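Take a look at the letters that make up each chain.
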Amino acid sequence: MPLFKEVKKLVIKATATAGGEISPLRPVYVPKTPPCAGACPSGADIRGWLTVIAQAEAYGRTSEEAFRIAWEKITERNPFPAVCGRVCPHLCEDACNRRLKDGAVAINALEQFIGDFALAQGLELNRLPGERKAESIAVIGAGPAGLSCAYQLARRNYPVTIFEGFSQPGGMLRYGIPKYRLPREVLDGEIQRILRLGVALKCNALVGSNISLEQLRRDYKAIFVGIGAHSGIRLRIPGEDAPNVFTGTEFLNRVNSGHEVGVGGKVPGVRAKVLVIGGGDTAIDSARVSRRLGADVTILYRRTRSEMPAIKPEVDGALEEGVDIQYLSAPLEILRKDGIAVGVRSIRMDLGPPDASGRPRPVPRPRSEFELEATTIIAAISQEPRINGLNLAHNGGPWIPTEGAQVPGMEGVFAGGDGVELGLVTIAIAQGRFAAEAIDAWIQGEPLARPVSPPSIGPERVKLGWYKPADRQERQHVPPAERSADTEIQLGLAEPEALAEAQRCMSCGMCMDCETCWMYCTNNCFAKLPKGEHYKVKLELCNGCKKCADACPCGFIELN
Ligand SMILES: Cc1cc2nc3c(=O)[nH]c(=O)nc-3n(C[C@H](O)[C@H](O)[C@H](O)COP(=O)(O)OP(=O)(O)OC[C@H]3O[C@@H](n4cnc5c(N)ncnc54)[C@H](O)[C@@H]3O)c2cc1C
């Protein structure tokens, strides 16, 4: 700090010589929504937990204390940081203002680090203070939406029971996403911690089959429906009923359930050739799992790489593992021999004007048909919910309608996650939380309070040049030749890397105690308060010189 004082004296002297510009405007603190939080479907307080780590030393905390506080902040909204730190496509990083300087802050890697730290330390989730509530809630589906909803309700002291159709919880985190991306001990660790909060879990309980929704409505005060979308959509082309044609969700479910899935041909000595159709995460996962089962793999995708909806690094991973991707190609017919699929007749496509999704419409190129051999074909084009037996008001379609989080016309029934609209893990977690908040408000007879976000802050309001250049810390990956079916291929950050990476957060739109305003103020308007409370602005001393606002690197100070 003595150095700061010296610099400040120089600043005061220089300003006194130049003469201060006088204005009626006065500085005000205006917290902003940083782009990371603005882009996160869960609205996670990313800046909040990053700066706790970055400022550990300044606040006299050990790294461990800072990591624990960061974890507590994350889990207020998301009980799955170790899961999300592995599978979330991190829209937060795409928006991070630091991307325009020396690379976005590696938020996803840091989330994984904090999640893994909490699992290793055995940190436990806690209930909010308050009496145990009398109203019991049923949650249908133990995917991320259902588990998030159950967690938020258990936190609020409601008795919660989850009914899950499969033999184990996790939804697509267990039955879709492969182990090499999400180790099951990590998934189990974060699920068991939710259950230890007092959430009851009934597996092999398929609602609509061995227990009815009506029964649950009689037995429970409110229901959350988080059934996901597990029914793979068929290609609707001739020949698809052959026994070696799977949908992507069916194929991954079998592999992830531990069933032996042979992708090879029926002819001894013929090498397994898998053809995957689609360009989303299910297609890429199916292709990479098939590689691990020993097959040559080709993906057919009807648009180009830039329109592929799959997570980009996953596509890169597939390519580096030897998966061939045939872009601008679509299947016309499954070719069969003795009832068994032996290949696909396909056609090349060209991109036409945009369709309803906003992406260029693929148009068949005349006289461009071609054939590819296959021993197994996986149609991974999309999936929809299995709504059979649930009697939800669904207007004839498979998707569950919601208004807010409520299912219209069904009092006390709420829904979220992929069963409402296909999304991401982070969206399912957010919708589970929104539904829990809506259920709590409905039961308590209170209006649902939705906090209004403060204005967002873009890169033009942040002084990129003020921050010291610092290279982004990247996670290492197991080299392709050494990868196996079950071993995780993306390695986490080490503690020194995590600490260095958190320091790269620019705290966009929120004071980070950098003292720049105090240093630049020639009238001594800024009185230091205890740590965490930042400064008191003594407006009576201010002459409106604007230096504080001009100098504030993170765009926290405005003039009013
Ligand atoms: C192969 C694949 C890979 C993916 N990769 C990613 C990724 O990397 N990153 C990402 O963010 N997202 C990814 N996603 C999307 C993500 O997995 C989903 O958005 C998310 O799991 C949806 O959560 P959910 O809880 O709504 O549904 P699910 O995870 O599908 O869980 C629904 C649960 O409900 C149960 N259920 C269904 N019907 C009933 C019933 N009648 N009674 C009782 N239980 C029932 C199911 O058995 C299941 O356990 C991927 C999806 C797939 C298919």
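To start, this report covers the structure provided alongside it. (Residues numbered from 1 in each chain as written. Predicted model: local features only at pLDDT ≥ 70, side-chain atom pairs only at ≥ 80, totals over all residues. Heavy atoms only, no water.)

1. Structural notes on the site of the ligand
Link 1 in the chain: Surveying the vicinity of the ligand reveals 36 residues, the closest of which are V87, E164, R181, H230 and D418.
Link 2 in the chain: Contact distances for the ligand include 3.3 Å between an oxygen atom and a backbone N or O atom of G226.
Link 3 in the chain: With the chains in place, 97% of the 1000 Å² that the ligand exposes on its own is no longer accessible.
Link 4 in the chain: Counting only elements with at least two residues in the shell around the ligand, the list comes to α8 (144-155), α13 (281-292) and α15 (425-444).
Link 5 in the chain: Ranked by the residues each element gives to the shell around the ligand, the list is headed by α13, at 3 residues.
Link 6 in the chain: Tallied by class, the residues present in the shell around the ligand amount to 19 nonpolar, 12 polar and 5 charged. (Near = heavy atom within 4 Å. Polar contact = N/O pair within 3.5 Å; in protein donor to acceptor, adjacent residues only side chain to side chain. Areas by Shrake-Rupley, 256 points an atom, 1.4 Å probe, with all protein chains shown as cover. Helix = DSSP H or I, 4+ residues; strand = E, 2+ residues; numbered from the N terminus. Nonpolar A, V, L, I, M, F, W, Y, C, P; charged D, E, K, R; others polar.)

2. What about the sheet that holds strand β13 (residues 360-373)?
Link 1 in the chain: Taken in spatial order, the 3 strands of this open sheet run β11-β12-β13, and their pairing is antiparallel. Two strands close off the open sheet at either side, each with one partner strand: β11 (329-337) and β13. Direction aside, neighbouring strands of the sheet carry axes that sit 20° apart on average.
Link 2 in the chain: Both β11 and strand β12 (residues 340-354) contribute to a ladder of 8 bridges, which runs antiparallel. (Pairing = 2+ DSSP bridges. Axes fitted to C-alpha atoms, helices over the stretch in contact; angles between N-to-C directions.)

3. Observations concerning the pattern of salt bridges
Link 1 in the chain: All told, the structure shown has 36 salt bridges when counted by the stated rule.
Link 2 in the chain: Note that R98 and D102 form a salt bridge whose closest N and O atoms lie 2.8 Å from each other.
Link 3 in the chain: The exposure class assigned to R98 is buried, which follows from its relative accessible area of 2%.
Link 4 in the chain: The exposure class assigned to D102 is partly exposed, which follows from its relative accessible area of 22%.
Link 5 in the chain: Residue E437 pairs with R433 through a salt bridge whose shortest N-O separation is 3.0 Å. Linking E437 with R433, this pair stays in helix α15, spanning 4 residues, or about one helical turn.
Link 6 in the chain: Counted as one network, the salt bridges with shared partners bring together R181, D285, R288, R292, E314, E320, E321 and R483. (Salt bridge = Lys/Arg side-chain N within 4 Å of Asp/Glu carboxyl O. Buried < 20%, exposed > 50% of the residue type's maximum accessible area, 1.4 Å probe, protein only.)

4. Describing the sheet that holds strand β2 (residues 137-140)
Link 1 in the chain: Taken in spatial order, the 5 strands make up an open sheet running β4-β3-β2-β5-β16, and their pairing is parallel. The open sheet has two edge strands with one neighbour each: β4 (200-202) and β16 (413-415). Across the sheet, the mean angle from the axis of one strand to that of its neighbour is 20°, orientation sign disregarded.
Link 2 in the chain: Bridge count between strand β3 (residues 160-163) and β4: 3 bridges; the pairing is parallel.

5. Description of empty space enclosed by the protein
Over the atoms rolls a probe the size of a water molecule, and its path tells where empty space is left.
Link 1 in the chain: For the coordinates displayed, the defined rule picks out 4 cavities of 30 Å³ or more.
Link 2 in the chain: In terms of lining residues, the largest cavity is bounded by 20 residues, among which C40, A44, I46, N78 and E111 are the most central.
Link 3 in the chain: Sorting elements by how many residues they give to the lining of the largest cavity places helix α7 (residues 107-121) first, with 3 residues.
Link 4 in the chain: In terms of residue class, the lining of the largest cavity is made up of 11 nonpolar, 5 polar and 4 charged.
Link 5 in the chain: A volume near 100 Å³ is recorded for the second largest cavity.
Link 6 in the chain: Considering the residues around the second largest cavity, the lining is formed by 15 residues, among which C36, C96, C505, M506 and C508 are closest to the centre.
Link 7 in the chain: Breaking the lining of the second largest cavity down by element, the ones donating at least two residues are α2 (35-39) and α3 (46-54).
Link 8 in the chain: Class assignment for the residues of the lining of the second largest cavity results in 10 nonpolar, 2 polar and 3 charged. (1 Å grid on protein atoms, 1.4 Å probe; cavity = no way out; pocket = protein on both sides within 12 Å on 5 of 7 lines; lining within 4 Å. Points joined across faces, edges and corners; volume = space filled by probe spheres on them.)

6. Examining the packing of α7 against helix α10 (residues 184-195)
Link 1 in the chain: With their axes 11 Å apart at the nearest point, α7 and α10 run at an angle of 70° to one another. By the criterion of interaxial angle, the relationship of α7 to α10 is roughly perpendicular. You can see that α7 and α10 cross each other, and the crossing is left-handed. For the pair α7 and α10, the contacting residues are G115, A118 and L119 in the first and V186, G189, E190 and R193 in the second.
Link 2 in the chain: Each residue belonging to the contact of α7 with α10 can be placed in one class, and the counts come to 3 nonpolar, 2 polar and 2 charged. (Parallel < 35°, antiparallel > 145°, perpendicular 65-115°, else oblique. Left-handed = near helix turned anticlockwise from the far one by under 90°. Contact = heavy atoms within 4.5 Å.)

7. Thoughts on α10
It helps to recall that an α-helix has 3.6 residues per turn; residues three or four apart then point in one direction.
Link 1 in the chain: Taking 1.5 Å of rise per residue, 12 residues should cover 16 Å, and α10 covers 16 Å from first to last C-alpha, within 8% of that figure.
Link 2 in the chain: Residues R184, V186, L187, E190, I191, R193, I194 and L195 constitute the buried set of α10. (Expected span 1.5 Å × (residues − 1).)

8. Topic: unusual backbone geometry
Link 1 in the chain: Here H90, not a glycine, exhibits a phi torsion of approximately 40°, which is positive.
Link 2 in the chain: By the element assignment, H90 lies in the loop between α5 (81-87) and α6 (91-95).
Link 3 in the chain: Backbone geometry places N157, a non-glycine residue, at a positive phi of 75°.
Link 4 in the chain: Among the secondary structure elements, N157 is positioned in the loop between α8 and β3.

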